[in-house]
Amino acid sequence: MSAAKDCERQGGKLTTACRILVADDNVDVVESLALLMQVHGHEVRTACNGVEAVQMAEQFLPQVVFMDLGMPLLDGVEAGRQIRQAIWGKDMVIVAVSGWGSDQAKQRTRGAGFNGHLVKPASEKDLLQIIASASAGR
Amino acid sequence: MEDILVEWEAFARSFPGMSQRDQAELRDHAEEILRAIALDMSTTQTPAEANKKATGKKENFATSSAAGLHGMHRHASGFDINELVSEYRAVRASVTRLWTRDMLIADKEALDELVRFNEAIDEAIHDSVVIYADTVEKSRQLFLGVLGHDVRTPLGAAKVSAQGLIGANTLSVGQLRAAEIIVRSTGRVERMLTDVLDFALVGLRKGLPVNPIAMDLLVVVQDVAQEIRVLYPDHTVKILFNGDQKGEWDTARMHQLVSNLVENAARHGRAGRPITVSSVGQDTEIVLSVHNEGEPISAELLPRIFEPLVRNAEHAKPESLGLGLYIAQEIVKAHNGSIAVESKTKGGTTFTVCLPRKIANDRGES
C-alpha cells in the first residue's frame, strides 16, 4: 500500500473530497500541488497572485486555501486577510505556505486570520493532514 | 598631505576596475584616515597608553571608523585582502620617505613621532582588515542563505510531483520505484539545504534561534526512528527509555538533532547491527545517547568531529556535507545543553546529549 493511501486513512476514515484553492506565483509549485491533491480525490483550483486568490476564493468557495506569501499584485498575507474578513470567507481554513517560518512571520499570518503556517517545502503529510481535519470539521 | 594622497591614489589607480567615483571616495577615505592619524599623534599619550596601542588594546575611534569604512569599501570594490594591506604599506612608505627626506638630524622627538605614526598605521590596518574579513563572511552567509532558500522551491515542486505520480496508482512496478527514488533523493537534497541554511544562520546570528514549547522527546525519537528505518533498511533502530521524557524544547530542532545523530550512526555504523537510542529522564535534565557499533572515529578526527565541514574522508559517501554534527551541537548549545562523543573499537561510538528540561534565560526566568 502506498504511503499516499495511508495518509487518506488518517483518523481511521477516508477523507471526503474537498474543494481546495492553491495560490503560489511559481507555476511548477502550484501545478504539482494541484496534481497531488487531485490524485487524492479533491477538487482543486489555482491562483498565481493575491488578487486572483481572493477572486477565486469568492467564486469557488474552497474549504481549504493554501496561500503562498510572497506573491505579486497582492501578497499572500493581505489576500488571506481579505478572504477572512469577507462573509463568504470567515469559515475557510486558510494556511500560509512560506519560505520563512520565523516567529514574526507566524505572528503576521496569525494576526491576519490564518489558521496555520507551514514552512516551505510543505510535506505531503502536513498538507493532507490539514485537508483531513478541515473535512472532518465540517 | 597632498603628496601622500597623490602616491596613495597612484597605487590604487594601478588596479583595474577602479572607477572615477571610486577614486574620489578613495581620496576622502585616505584623507580622513591620515587626518585621524595626525590628530592622534598630536595629542600626548602616557607610556601606558602607548603600550596598550602597541599591543592592540586601545580604542581609537577616529581612526577605526575611517579605516573600518575603508575596509568595507575596498571589499565592495573587489580588492582582495593582500591588496588592501599593500595600500597601507604604500602609505607608510611614502609618508616616511617624504618626512625624512628633508631631515638632517634624527632627534628623539622625531623618532617618537615616527613610532607613533607607525602604531597609528598598524591600528588602521587592523581595523580595515577586521571589517573587511567580517564583510566577506557576512556576504558569504547571506549568499548561502539565499541559495538554500531559493533552491527549495523547484526542489519542492519536483518532490510533490513525484508524490503525485505515486498517489495516482497508475504506475508499473518499475515506474513506481523510479518515482520513489525521486522522492527519496529530493528529500536528501532538502536535508542538505537545511544544513546549509542553518550553517549560514549560525554564522549570521551567532547561534540558532529556537522556539521552546512543552513537548515529549520520546515522540520525536520514535518519529526519527521510523524515518531512519525507511531510509536505511539495513539498520535496525532500538529505543530504550526511562523516566519522564517531557520538557520545553524547540520541536523541529529536537527532531533535527535526533535525526542528525541517528543518521550519522546509520551512515557509519556496521550494517546489520542495531543503532541504539536511549533516553533517560533525570531530575532537571534528559540524557539522550545514540550508539552504533562499527569502526571507531579515528583519533585525529575525534577532537574535531563537531567542527563544520569535517568529514570522514574514508567513507566515500558524498551525501553528507559534514554539517550534521556541527548543527547538532549548535542545537544543543541553543538549549543550554551539552554534547560529547566516545568512540572505541570495542565499545563502538556513542554520542551523549545532556538537555536541561527547560532553558532558563539570563534574567533567571525559566
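Keep in mind that this is a model prediction, so the values were computed, not measured.

Draft legend 1. Main features of the sheet that holds strand E3 (residues 64-68) of chain A. Residue and element names in this part refer to chain A. Spatial ordering of the open sheet is given by E2-E1-E3-E4-E5, a layout of five strands whose pairing is parallel. Sheet topology places strand E2 (43-47) and strand E5 (116-119) at the edges, where each strand pairs with a single neighbour. Across the sheet, the axes of successive neighbouring strands diverge by a mean angle of 20°, strand direction being ignored. Sheet analysis places E3 next to strand E4 (residues 93-98), joined by five bridges and oriented parallel. Of the residues in E4, the one forming a bridge with Val65 is Ile94. Packed on one face of the sheet, helix H2 (residues 27-39) meets strand E1 (19-23), E2 and E3 and runs near 170° to E2. Against the sheet, helix H4 (residues 76-85) touches E3 and E4, its axis set at about 155° to E3.

Draft legend 2. Spotlight on the environment of Ser161 of chain B. All names here are of chain B. Positionally, Ser161 belongs in helix H6 (residues 108-167). Residue Ser161 is classed as partly exposed on the basis of its relative accessible area of 29%. Residues Ser161 and Ile182, 21 residues apart in the sequence, show an inter-C-alpha distance of 9.4 Å.

Draft legend 3. How the structure looks around the confidence of the model for chain A. Residues and elements named next belong to chain A. Mean pLDDT over chain A: 86, with 88% of residues reaching 70 or higher. Per-element mean pLDDT across chain A ranges from 41 in helix H1 (residues 3-8) up to 97 in E1. Contacts from residues 1-13, a stretch scored under 50 in pLDDT, to residues over four places away or in other chains number 18 contacts.

Draft legend 4. Looking closely at empty space enclosed by the protein. One pass over the full model with this rule turns up three cavities of 30 Å³ or more. In this structure, the largest cavity spans a volume of roughly 140 Å³. Around the largest cavity, the lining is made up of 13 residues, and of these Val29, Lys120, Pro121 and Ala122 of chain A together with Gly156 of chain B lie nearest the centre. Counting only elements with at least two residues in the lining of the largest cavity, the list comes to H2 of chain A together with H6 of chain B. Per-element accounting of the lining of the largest cavity gives the leading share, five residues, to H6 of chain B. The residue makeup of the lining of the largest cavity, split by class, is seven nonpolar, three polar and three charged.

Draft legend 5. Broad picture of the interface of chain B and chain A. The interface is formed by 15 residues belonging to chain B together with 16 residues belonging to chain A. Regarding the contact of chain B and chain A, the summed buried area is about 1,400 Å², with carbon and sulfur atoms giving 64% of it. One can count zero salt bridges joining chain B with chain A. Connecting chain B to chain A are one residue pair in polar contact (both at pLDDT 80 or more). It is H6 of chain B that contributes the most residues to the side of chain B that touches chain A, eleven residues altogether. Per-class residue counts for the side of chain B that touches chain A are four nonpolar, nine polar and two charged.

Cut-offs used in this document
Residues take numbers from 1 onward in each chain, read along the sequence in its written order. Here chains are named by letter from A upward and ligands by number from 1 upward, in the order in which they appear as written. In keeping with the model being predicted, local features are shown solely for residues with a pLDDT of at least 70 and side-chain atom pairs are shown and tallied solely at 80 or more, while totals for entire chains, interfaces and linings include all residues. Processing note: side-chain calculations cover all non-hydrogen atoms of the structure and skip hydrogens and water entirely. Paired strands are those between which DSSP finds at least two bridges. Starting at the N terminus, helices and strands are each numbered in turn, a helix being any DSSP run of H or I of at least four residues and a strand any DSSP run of E of at least two. The angle between two axes is taken between their N-to-C directions and runs from 0 to 180 degrees, where each axis is a line fitted to C-alpha atoms and a helix contributes only its stretch in contact. Only heavy atoms matter for contacts: two residues are in contact if any of them lie within 4.5 Å across the pair. Accessibility here uses a 1.4 Å probe with only protein chains present; expressed as a share of the type maximum, an area under 20% marks a residue as buried, one over 50% as exposed, and anything in between as partly exposed. Each residue carries a pLDDT score, the predictor's confidence in it, ranging from 0 to 100. Only protein atoms enter the 1 Å grid, on which a cavity is a set of points fitting a 1.4 Å probe that cannot get out and a pocket is an open set with protein on both sides within 12 Å along at least 5 of 7 lines, lining residues being those with an atom within 4 Å of a point. Grid points are joined across faces, edges and corners, and a volume is the space filled by probe spheres set on the points. Residues were grouped as follows: Ala, Val, Leu, Ile, Met, Phe, Trp, Tyr, Cys and Pro as nonpolar; Asp, Glu, Lys and Arg as charged; and all remaining residues, including Gly, as polar. Once two parts are brought into contact, the accessible area they lose, counted with a 1.4 Å probe and summed over both, makes up the buried area. Salt bridges are defined by distance alone: a side-chain nitrogen of Lys or Arg within 4 Å of a carboxyl oxygen of Asp or Glu. Polar contacts, as counted here, are pairs of nitrogen or oxygen atoms within 3.5 Å of one another; within protein the pair requires one atom able to donate a hydrogen and one able to accept it, and residues that are adjacent in sequence qualify only if both atoms are side-chain atoms.

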